[in-house]
Each structure stands twice: as structure tokens, then as C-alpha cells.
Amino acid sequence: MYNGTKVLDIHAHVSAPSGNGMLVMGAMLASNSPVWADPRGSGLEARGFTEEAWAGRVKTHTDLLESHSIEAQLVGPRPFTMLGWMQPHIMKAWARFTNHMIAKQCEMEPTRFIGAAMLPQQPLADDLSHCIEELDYCRTELGFKGCYLSPDPAGDRSSPGMDQHYWDPVYEYCQKHGLPIIVHGTNCTDPRIRTIPQNYQIGFVIEQYLATQLLSHGDVFERFPELKVVVCHCGGALDRFIKTDKHLAQKDLSKNLYFDTCALDLNFLEAAIKQRTPANTLFGTETPGSGAAVRPETGLPGDDLVPVIGAMDFLSEDDKQAIFHGNAAHVCPGLAEIAA
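First things first, this report covers the structure right here in the doc. Position numbers for residues count from 1 along each chain, tracking the sequence in the order it is written. Side-chain atom pairs in this predicted model are given and counted only at pLDDT of 80 or more, local residue features only at pLDDT of at least 70, and totals for whole chains, interfaces and linings cover all residues. Side-chain numbers here rest on the full set of heavy atoms in the structure, without hydrogens or water.

**Brief notes about the sheet that holds strand β1 (residues 8-13)**
When DSSP finds two or more bridges between a pair of strands, those strands are recorded as paired. Strands are runs of DSSP state E lasting at least 2 residues, helices are runs of H or I lasting at least 4, and numbering of each runs from the N terminus. Strand order in the open sheet formed by three strands is β1-β2-β3, and the pairing between neighbours is parallel. The outermost strands of the open sheet, each flanked by one partner alone, are β1 and β3 (113-115). Pairwise comparison of adjacent strand axes, ignoring direction, gives a mean angle of 30 degrees for this sheet. Judged from the four bridges that link them, β1 and strand β2 (residues 72-76) form a sheet pairing that is parallel. Residue pairing for β2: Ala 12 is matched across the bridge by Val 75. Axis angles are defined between N-to-C directions and span 0 to 180 degrees, where every axis is a line fitted to C-alpha atoms and, for a helix, only to the segment in contact.

As C-alpha cells, then:
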């Protein structure tokens, strides 16, 4: 809560029992078999998917929301586990399994969490038509209110840029049904950055910034004028040109392209909100995620962003209300509905 307003978090990831890692590595990848689409299925308790394990993981998650003054989150897959380089038959099963995990968490805390789908993206397909079955299942059967897209699911830059018609089936479906698209980097297999610890984070920066530029300069929003896209981590990187420079898209993207606040360095976050504008900034923390390191000056976790943004004196009170609630309620009405 911020000054009586419920705080909506647009950027969050599922907190599943730890058995999911062993499932994908041992049962799926090692056997090259698409097993168990439902995490509540027979045989999974032995891999750690007990009701007690679920309850513990979800309680840890919701306890963090309480401590961070967050009322509700749009919950999607954990991007670095999306593993888009899988063979298609494994990828399809892993996406369905992950979506059932998201749905399970939402069922356990329906006033806290609403789902965003993981899609079985195939970079070398003609287009994303193969994702519509899973997306429709998630919307109609699981009640999800958004979806995630990776700009580079295989991590090797084999997917077309996000301005290309390859993406149109998902763009069309999301526009038709009012689902926001959450753009988040995933794995990066670039050998040049393998010496960097947790190098997938560098992949996030590269791919999210590139997606921002391609969506800005391309004609996606002319083709799909009602489509709403949120690029995570403030868009990956910031523009270095002034607003009137021809290197930037000289068009109004304010009704289509949005950014979250999931950046932990305060100088970067402040610059990002100013550059992206408060009207197109949505509160997002990925709590619990990679922001648990403690700020020395406050003693609070880095991802505890409500007091940080609330103290930014360049923002008006209306700006803060919009960032914490109003913008997310507009882009993802389902998130506001569960917190009402």
C-alpha cells in the first residue's frame, strides 16, 4: 500500500517447489521425453511437489509482498528457466507444465496473483501460430491475463526481430483479447559473455533494449493500434539521444509501449522514469528475484522499491499514484480486479 493506494506489481515470477529443476533436467531433457504437463499429476509428489512444499513456497512469496508493501502481482515464468533452445516437443510440454505451476500459485492466493503465460516459442518456425493453442488455453482455461514473450528464446539471435510479421499471430490474439505482452529476455548462449557471472542478465539488457528499438521504429503499433507491450527492466538500457534526434522513433508510442521499474541502481531508475515518462512506467520488482541485496544506506532489500519511488521528489503525487497503481490497472485490468 502507498498512501492508501494498492500497489500493483507488473513484473513477478512463479515460486514453485524446487523439484521443477530436477524435473526438467532429469525427466525431460535427459530422457528427451515430454512428461507431466500438470505439476499436480501422479508421481510428482516424490519430486517435491507436495501441498506442503507449495504452501511453504507461496507463503515465503506472499510474506515478501507484505514486507514490500505490494498488494498484487502479475506472475509469469522465471525467464532464465524458459530454456527456449529445447527441442519443440520438449518445449511444448515444459511451457504447459510451467503454466500449470503459475496457475497453482494463483489458485492458492487468488487476491495476490494473476497469471501471465509462458509460450512454447520456436525461433525457426514460420511464425508464432504454434503458440496460439497454449495462449488460448491459458486465457480460457487458466484465467491468465497476460503473456510473456522472449525476444530471443534460443539465446542465439535466431528469432526474427520483434517488428517482423513472424510475431503477428500473438500480437493479433493479445490485441483481440486485451492481454498485455510482457517482453523479458531469457537465456543467452553468446560465448563472448560466458565469463561474466550470471551472464543471462547481460542477455536481458541486450534483448530488451533491442526489442524497445525495434518496436519503436517498426510499424507493429500501426498494424496493432490497441496492443499493449511492457518491456521489463526499464527497457533494458536507456537512450543516449535527445528526444528530437532522428536516431529515436519520432512517433507517439504512449498508448502502446510501457516499461517497468525493475532496476535497482537509484541513478539508473530515476533516469529511466524521467526518460520513459511516469505515464508509461509501471511498478515492477520481480520480488522475489535478483534484488535481495541490502542497500547499505537504508538496510532494506534493493527490490523494496515502494519507499524508494515514494521518496523521489521529481515525481508529483499523481505520478506516484499512476506508477504504483493506475498505469498497471490500465495496461492489465485483471491485475487491478484481483486486488479490488
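**Comments concerning the pattern of salt bridges**
When a carboxyl oxygen of Asp or Glu is within 4 Å of a side-chain nitrogen of Lys or Arg, the pair counts as a salt bridge. Overall, the coordinates contain 14 salt bridges when judged by the stated rule. Two residues, Lys 59 and Asp 63, come together in a salt bridge whose shortest N-O distance is 2.8 Å. Within this pair, Lys 59 and its partner Asp 63 are both found in helix α2 (residues 51-67), separated by four residues, close to a single helical turn. Throughout this description, buried means an accessible area under 20% of the type-specific maximum (1.4 Å probe, protein chains only), exposed means over 50%, and partly exposed covers the range between. Of the residues examined, Asp 63 reaches a relative accessible area of 37% and is grouped as partly exposed. Here Glu 134 ties to Arg 96 by a salt bridge, and the two come within 2.8 Å at their closest N and O atoms. With Glu 134 in helix α4 (residues 132-140) and Arg 96 in helix α3 (residues 88-108), this pair connects stretches of sequence that are 38 residues apart. Because the salt bridges share partners, they merge into one network encompassing Arg 157, Asp 190, Arg 192 and Glu 207.

**Points about the sheet that holds strand β4 (residues 147-149)**
Read from one edge of the open sheet, five strands run β4-β5-β6-β7-β8, paired in parallel fashion. Each edge of the open sheet carries a strand with a single partner, namely β4 and β8 (281-282). Note: strand β6 (residues 229-231) against strand β7 (residues 257-260), three bridges, orientation parallel. Note that in β7 the partner of Val 229 across the bridge is Leu 257.

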